[in-house]
Amino acid sequence: MNRSGQTLIMALIIMFLLAFIGGIFITIVARNMSRVHRSGQTLSAEYLAEAGIKYADSQLTYSEDGADWRPVPTSAVSADDPDAKWLTGGASGFSRFSYGGGRFLVRVTYDPKSGDPMSKYIKIESIGRMGTVDENDPTTMGTQSERLRSEKVAYKSIGITDYARFVTNKDRRSDEFSLGTAGFTTNFGEYDVNGTKGAPIRVNGDLLWHGKSNIWLNSSRGDGVEVAGDIRHDQGAAVKVNNADATESSSINTMDTTRTDFNSFPDDTSTVTSDMANKIGDYRDGRPDADVVGRPRSITRVDPPLLDALDNGSGLSRYRDLTRNSGSWKQDTNNEWYNTGFYGQGNGLYINNPNDVQTESQLYTLRSNWTQPGGQYWSGPYYAPPGITIVLTKDDLNGDDKPDMIITSDGDSSSVWNGWLDKDGNSLSGQERVVVPYPKNGVIFAEGNVRIRGMLPAADASNPTDPRWSSQVTVVSGATIYVEGSILKYRGDAANPNTADANSAISLLATDYVCVNTTQFFAPMREVLMAGASGDHFEVTPDHAFWINFDLAPHDYLYSNEPSLYVRQTSAPDAGPSYINMLVNYPNGDLYKFNETAHSDTPWSAGNSNLYSTYPLADPSAQVKYTSADGADADYNDYYASQKYPYAYQKYPNWECALFPLTGTSISTVPGEYNSIGFQLDQNYQAAQGMQDYYISRAAVLPSDIRIEALIYAQNYSFFVIPGEWFNPDPNDTNPENRPPSVANSWPLYGQPMDVCITIFGAVSENTPAPVGDSAAWMEKWGWIPYQYGTDAAPVYHSKYNPVRYTSDYRPALDPNDASDTRRKGLTFVYDGLLSAPLTAPSTPIRRDAYGRTLPITPSLPVSPQMLYFGNPT
């Protein structure tokens, strides 16, 4: 019996022990199942967070909004909303998206700050969470652990807004890319009393420097030279880096990447102190090792954005969507649906000019066309490519209380207006020129070439939340963009701009090239007249006048007795004189109004001080009256110092090179206001020998500045400058002490460039730089300005109107630290810091969306398809 009891007790103990072990096992299994479930939820949350990043990435890269894309903020359903911590419903809140059995919360921010280089990137934040939330289902509310989530962060770059020069190498070529030009000095940025205007540079590949390059860097903004490859210097090449921290001190860097003492600051190694190793260098290559004092190099590639990326929804490129499809849908008389945006009546402006594409082939390249005057599209010294011409204006031209653009089609593309209507509903078909307001969404897309110049309007101050027009404009071409004069946003002096003008901005985005067409700076105002038989001049007849137009950009110098009109002219070869009226903004009209009276051949009437009248050529008489620039009568001898040369020098094939001071005329020096000067025969005079036609070969107003205040991007090819011909085309006029008797002494010699300073104030991005030979051709004519023009010998004309020209008093030298450099500043690249930090004040964005979130400088910019970083937030 006792044994039976003991057996029972033992059995119970074993059973309890087994039950205990089973309980432990069940607990372990339950815990493991819970852990597996939680691990699964954690993994799912991570997948959801990644899905949120990829969704935002796709929208930024491919949607029609591009860099402007932001999700609509989501407000928390109630206080019990499990995501209430992140959903504020405002600009700083997240947006919730259901996805499968869970959700992700996404926030896209662009919060640029001066002095913070990382803030120029678009930041994507994503939070993945399991479970759905339905505002109509209370069971989805309540407590959910905030800890059960996954957070991811990514950064995307616009790229083309970040550098004064950016060689994108879109095609990932292994070539060595060249900057600078052998035999010339290239200015990247500049330094003045107002501080350093820097020029950050990036190259997606190997870099070979040529010539001498002055690079100014603004270190407080994070400027640097970043090369995702090796750096090498051609023979004789040198880079002088002037850092803002060192005011005007500088250092010469001729170090190739392969040198063991490669210095990335670049300070002279003899001045390096122990704390210098803790700084990031301003001059870095792509090698993984450190520089001579331990600073990192390791620059990596940044993929460029694509203009022709297709929207996943519409299947169209972004800019066709924003223009061609930006109107309303209507039915025509055949009940076919069409979008009014196709006919220029959308929120964006669509220009259908596919015939204006210059297609390259083995026998025809644009580079060879641009550098060889006399070929296709050349007429005398002027290059007039096919394309739509856009003149930006700040004025209301048609009385609709909005600023307007003037768009002119060339002879081959007048059908571009087919179906377009003006504000009164009248057809514009067949018209050469139309006046249209700036597009409301700020986007202009042309299928073919665009030729552009002018001044942007100010922002619509009366409608800040719903503007009637956009003063921030994105111009996109399916081919090439030609810049044919200044593109301005600043109305004041360049050194002291009106801060309100910073609210205006323009981006020029070309599928192929962006080309500065220097031949059009002082080009014929309407059509290009046929050049003479020899191709060196244009003929003014009783039926045809010759007009040029120009504007004077903000400048850093004083005009004093300038500007002056420079003209190379002569009379037809047959016996008899030409009598010419030169009309300055006659009769007080301007380019914008297109006052047809100004284009007529109406003879000059007495009393108008806006012109030089009855200017005689090839006339042996010395007592003919004319009206001078200040309106006072003067005689021939007063202007022409007693006929120092025979009048035969005014007979073709001889040429007179004269200049006329414009002080006292109606010339406007206000930036963005165009001036016109006309040359027409005065038919009121008769001569026994008969009246002859007038020949004109060159005309320009000097000195002049050309400022291109724009973001520039040539996706497939290059940024280019057309060299053009010498302003003085006489190869025999090279000796300053023995000039032809009919040439004013302040005229440039043959081989001397005009006094025109071109400044790119913005950013230039290109697939590959133009070949060094091409850049040398344009630097020869536009990369410098002589210290002195012509000769200081006794002038042919009265000295009052013919001073010896010196540029030293109003233009700095190419190298301000080199006293022996007697050349003046020419072509210069200066980075506009507003492109990567578009703020007019520390907290005042130039552009913002409906929720107050900061947007990039111009509408719908493309972004790099690459994510610079994708992972867990730090």
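In the block above lies the structure referred to throughout.
Residue numbers here run from 1 along each chain, matching the order of that chain's written sequence. Under the rules for a predicted model, residues below a pLDDT of 70 receive no local features and side-chain atom pairs below 80 are neither given nor counted, while totals for whole chains, interfaces and linings still include all residues. Heavy atoms from the whole structure form the basis of all side-chain values; hydrogens and water molecules are not counted.

## Notes on the overall build of the protein chain
Applicable threshold: Every helix listed is a DSSP run of H or I at least four residues long, and every strand listed is a run of E at least two residues long, numbered separately from the N terminus. For every residue, the accessible area obtained with a 1.4 Å probe (protein chains only) is divided by the maximum for its type, and the residue is called buried under 20%, exposed over 50%, and partly exposed between those limits. By definition in these notes, contact holds between two residues if any of their heavy atoms fall within 4.5 Å. Method for areas: the Shrake-Rupley scheme with a 1.4 Å probe, in which residue coverage is limited to the protein chains shown.
Across its full length, the protein chain carries five helices and 49 strands. Going through the 874 residues of the protein chain one by one, you find that 55% of them count as buried. Contacts in the protein chain between residues far apart in sequence, at least 24 positions, make up 73% of those at least 6 positions apart. Approximately 35400 Å² of the protein chain is accessible, and the part contributed by carbon and sulfur atoms is 50%.

## What to know about the pattern of salt bridges
To keep things clear, this is the line we draw: One side-chain nitrogen of Lys or Arg within 4 Å of one carboxyl oxygen of Asp or Glu is enough to make a salt bridge.
All told, the structure shown has 40 salt bridges when counted by the stated rule. Here Arg 295 ties to Asp 291 by a salt bridge, and the two come within 3.1 Å at their closest N and O atoms. Note on Arg 295: relative accessible area 0%, which makes it buried. We classify Asp 291 as buried; its relative accessible area is 6%. Each of Asp 81, Asp 83, Arg 96, Arg 103 and Arg 129 takes part in a single network of salt bridges with overlapping partners.

## Here's the deal with the environment of Glu 432
Tracing the sequence through the fold places Glu 432 in the loop between strand E22 (404-408) and strand E23 (433-437). Linking Glu 432 and Thr 408, residues 24 residues apart in sequence, is a C-alpha distance of 5.7 Å.

## A closer look at the nonpolar core
Test applied: What we call a nonpolar core is a set of buried Ala, Val, Leu, Ile, Met, Phe, Trp, Tyr and Cys residues that are connected through their side-chain atoms within 4.5 Å.
By size, the foremost hydrophobic cluster in this structure holds 155 residues, and its most contacted members are Trp 209, Ile 390, Ile 452, Ile 506, Leu 508, Leu 565 and Phe 679. Once you skip the residues sitting within four places of it in the chain, Leu 508 turns out to touch Ile 452, Val 475, Ile 481, Val 483, Ile 487, Val 514, Ala 710, Leu 711, Ile 712 and Tyr 713.

## Some remarks on the sheet that holds strand E4 (residues 150-156)
Cut-off, in case you're wondering: Only when DSSP finds a minimum of two bridges between them are two strands counted as paired. To define axes, lines are fitted to C-alpha atoms, for helices over the stretch in contact only, and angles between the resulting N-to-C directions are given on a 0 to 180 degree scale.
Spatially, five strands are ordered E1-E2-E3-E4-E49 in an open sheet, and the strand pairing comes out antiparallel. Two strands lie at the open edges of the sheet, namely strand E1 (95-99) and strand E49 (867-871), each paired on one side alone. Neighbour-to-neighbour, the strand axes of the sheet open up by a mean angle of 20 degrees, direction not taken into account. Bridge count for strand E3 (residues 122-130) against E4 is seven bridges, and the pairing is antiparallel. By the bridge assignment, Ile 124 is partnered in E4 with Ala 154.

## Here's the deal with the environment of Arg 287
Note the threshold: N or O atoms within 3.5 Å of each other form a polar contact, as long as, within protein, one can give a hydrogen and the other can take it, and as long as residues adjacent in sequence are counted only when both atoms are side-chain atoms.
Its place among the elements puts Arg 287 in the loop between strand E15 (283-284) and helix H2 (318-323). By relative accessible area, Arg 287 is classed as partly exposed at 27%. Along the backbone, Arg 287 and Thr 300 are 13 residues apart, and their C-alpha atoms lie at a distance of 9.2 Å. Side chain to side chain, Arg 287 and Asp 230 meet in a polar contact 3.0 Å long.

## A short note on the environment of Pro 296
Positionally, Pro 296 belongs in the loop between E15 and H2. The exposure class of Pro 296 is partly exposed, given its relative accessible area of 32%. For Pro 296 and Gly 286, which are 10 residues apart along the polypeptide, the C-alpha to C-alpha distance reads 9.6 Å.

## Focus on the packing of aromatic side chains
Formally: Centres within 6.5 Å are what make two rings of Phe, Tyr or Trp a pair, Trp counting through its six-membered ring; a difference in plane orientation under 30 degrees is then read as stacked, over 60 as edge-to-face, and the rest as tilted. When the NZ atom of lysine or the CZ atom of arginine is within 6 Å of a ring's centre and also within 35 degrees of its normal, the charge is said to sit over that ring.
In this structure the tally under the stated criterion is 35 aromatic pairs. Pairing Tyr 652 with Trp 655 gives two aromatic rings, centres 5.8 Å apart and planes at 85 degrees, and the pair type is edge-to-face. By way of ring pairs, the aromatic residues Trp 370, Tyr 377, Trp 378, Tyr 383, Tyr 482, Tyr 513, Tyr 717, Phe 720 and Trp 778 are connected into one cluster. Note that Arg 165 overlies the ring of Phe 829, its terminal NZ or CZ placed 4.7 Å from the centroid. A cation sits over an aromatic face here: Lys 781 above Trp 726, 4.4 Å from the ring centre.

## Considering the sheet that holds strand E30 (residues 538-540)
One open sheet holds the four strands; their spatial order is E30-E39-E32-E37, and the pairing between them is antiparallel. Each edge of the sheet is formed by a strand with only one pairing partner; in this case those strands are E30 and strand E37 (656-661). Taking the axes of each pair of neighbouring strands and ignoring which way they run, one obtains an average angle of 40 degrees across the sheet. One ladder, built from three bridges, connects E30 with strand E39 (residues 694-702); its direction is antiparallel. Looking across to E39, one finds that Val 540 is bridged to Tyr 694.

## Examining the pairing of E22
Here E22 lies mainly inside the structure; five of its five residues are buried. Of the two faces of E22, the one carrying Asp 404, Ile 406 and Thr 408 and the one carrying Met 405 and Ile 407 are both buried. Pairing geometry for strand E21 (residues 388-392) and E22, over four bridges, is antiparallel. Looking across to E22, one finds that Val 391 is bridged to Ile 406. Across five bridges, E22 lies against E23 in antiparallel orientation. Opposite Ile 406, over in E23, you have Val 435 as the bridge partner.

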